[in-house]
Amino acid sequence: MGEREGSMAKKPDEMARGQEDVAERKADRTGQTDRTVRVKKRQQSRNSRFVTLPGLSGLLFFAVLATYYQVWTIAAFLMLLFCLCASSFFWSRVVLKKVEISVAARQNTCHAGERLVLEMKVRNRSFLPLVWLDVILPAGHKACIRQAGEEETSWFLLGRDVEPQAGIRERFVWLLWQQEIAWEEELDTLRRGVAELAGAGLQAGDGFGLSARESWYSFQNPLRLVIWPKLVPVSVQPFLWITQEAVAASHGQTQDITLVKSIRPYQPGDSVKRINWRMLAGTGRMEVNRYETVRPGCTTFLLDLVSFRQKVKREGSQGTYEEMVPMEPERERMISLVASCIEALSGQGLSVALVVPEYREHEAVICVPGKEEPVTDQCMEALARIDYQKEDTRFPYEEFWQTVHKLGQICICTRTDHGSSPDELAEHLGRSRIRYLALERQQAEAGEFDWIYAENICEWPDEFREYIRRESR
């Protein structure tokens, strides 16, 4: 029977390194999910020198030579070694051709810090047994997931990869012919991001240590795991204020606006505050009001990404110069804060939207409420995919103005209250539709717009600091 061994973490300098690429990549790498081609993409050999064509030829030559001179003991030994190496040679050529791997996830999304469960199967369709088999699932260059219970992330270098990839590994001992093993793999999610499982690296060898083989198995349907940003406790009460324009052209804000929906006769126990005094004074009948609560409309979070970079002075061979560097801890705090606010507002049945400007090769994202697909999941995935460093951004004005009627109250998320890149947009839309969410307070008076500060709506737990430290590495 097949036996699973515990997976072992590997440092980058201990990773398996391939020696040659003997198979072309026949599966396209465009990210489509309708691929039906399942081929070996990489196949490396780490055999002993005896388990090669020159080595086998040499053994056979000396065995024949010893037989010719009637040195029977040496001839028998060389012939036995030749047969052993030849069987190992042919075994290594076919041993991984009939191995099949399947991976499925109970759920493809979760927040950082939660666990994912993969349902995996490995089957040996060959009539040759596998003495040992390593199944390696590379999940990208960003360590988003890790095998549950492991203290360190496992890194692997498969094929001709230039950089190591984080991943998981399982070892099986004595996988017999036509045997199938199914198991559940629990994964710890370390940070936000997207892990693409396009295939599995397979490593196998014989019991004598003469040959080892490595190949690549492509999944018919690549598995995508989306790790949403980590959530923190937030109070969304400031977002529930509704701005309305008064009759006298002034601006006022009221909370929990209620409208009289209907009236009914007074009953014992009704609150005095609900009595309709005008009705009582005019008709003499005691009636109580029935109210209908008016909730805020859509709340849109607009990320001001360029506020999460700063200029620093560097010393070089030609003197002092300035360089733009990313502010990763602050950026990750804001992303988690926005994700937490979106989750909390959606939990109260309120509509939310998200706007992320364009940067580098990443297109702009505008997630607006729709009838078919929950916009909350779209917003979380967009936040998980943010990979902004220090680039200039381009705001999608055309798409924004086409959907601005659906965005409701717009909250510009920036690092400090000392200016932001969408200030021109704020001036155009006006105070009635724009407010700011800032991580830090730098000015005593923030200006004409309403400001919400992170310190007033959120308390960062201690475990979140560890998450930020790991995320900003």
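Please refer to the structure placed before this passage.
What comes next is a walk through the structure.

Calculation notes
Residues numbered from 1 in each chain as written. Predicted model: local features only at pLDDT ≥ 70, side-chain atom pairs only at ≥ 80, totals over all residues. Heavy atoms only, no water. Axes fitted to C-alpha atoms, helices over the stretch in contact; angles between N-to-C directions. Helix = DSSP H or I, 4+ residues; strand = E, 2+ residues; numbered from the N terminus. Parallel < 35°, antiparallel > 145°, perpendicular 65-115°, else oblique. Contact = heavy atoms within 4.5 Å. Nonpolar A, V, L, I, M, F, W, Y, C, P; charged D, E, K, R; others polar. Pairing = 2+ DSSP bridges. Phe/Tyr/Trp six-rings, centres within 6.5 Å; stacked < 30°, edge-to-face > 60°. Lys NZ or Arg CZ within 6 Å of the ring centre and 35° of its normal.

## Remarks on the packing of helix H4 (residues 328-347) against helix H5 (residues 375-384)
The contact between H4 and H5 brings their axes to 10 Å, and the two run at 175°. One way to sum up the angle between H4 and H5 is to call them roughly antiparallel. Contact with H4, carried on its side by Ile 335, Val 338, Ala 339, Ile 342, Glu 343 and Ser 346, involves Thr 376, Cys 379, Met 380 and Leu 383 of H5 and no other residues of that element. Its residues assigned to classes, the contact of H4 with H5 comprises seven nonpolar, two polar and one charged.

## Quick word on the sheet that holds strand S5 (residues 115-124)
Pairing is antiparallel across the open sheet formed by four strands, whose spatial order is S3-S5-S10-S7. Among the strands making up the open sheet, the edge pair consists of strand S3 (99-105) and strand S7 (145-147). Ignoring strand direction, the axes of neighbouring strands in this sheet form an average angle of 30°. The pairing of S3 with S5 spans seven bridges and is antiparallel. Its bridge partner being in S5, Ser 102 is matched across the sheet by Lys 121.

## Here we look at the packing of aromatic side chains
Per the counting criterion, the structure on display carries 13 aromatic pairs. Through successive ring pairs, a cluster of aromatic residues spans Phe 395, Tyr 397, Phe 400 and Trp 401. Residue placement shows Arg 171 over the ring face of Trp 132; its charged tip is 5.2 Å from the ring centre. The ring of Tyr 453 carries Arg 441 above its face, with NZ or CZ at 3.8 Å from the centroid.

None of this, on its own, says anything about what the molecule does.
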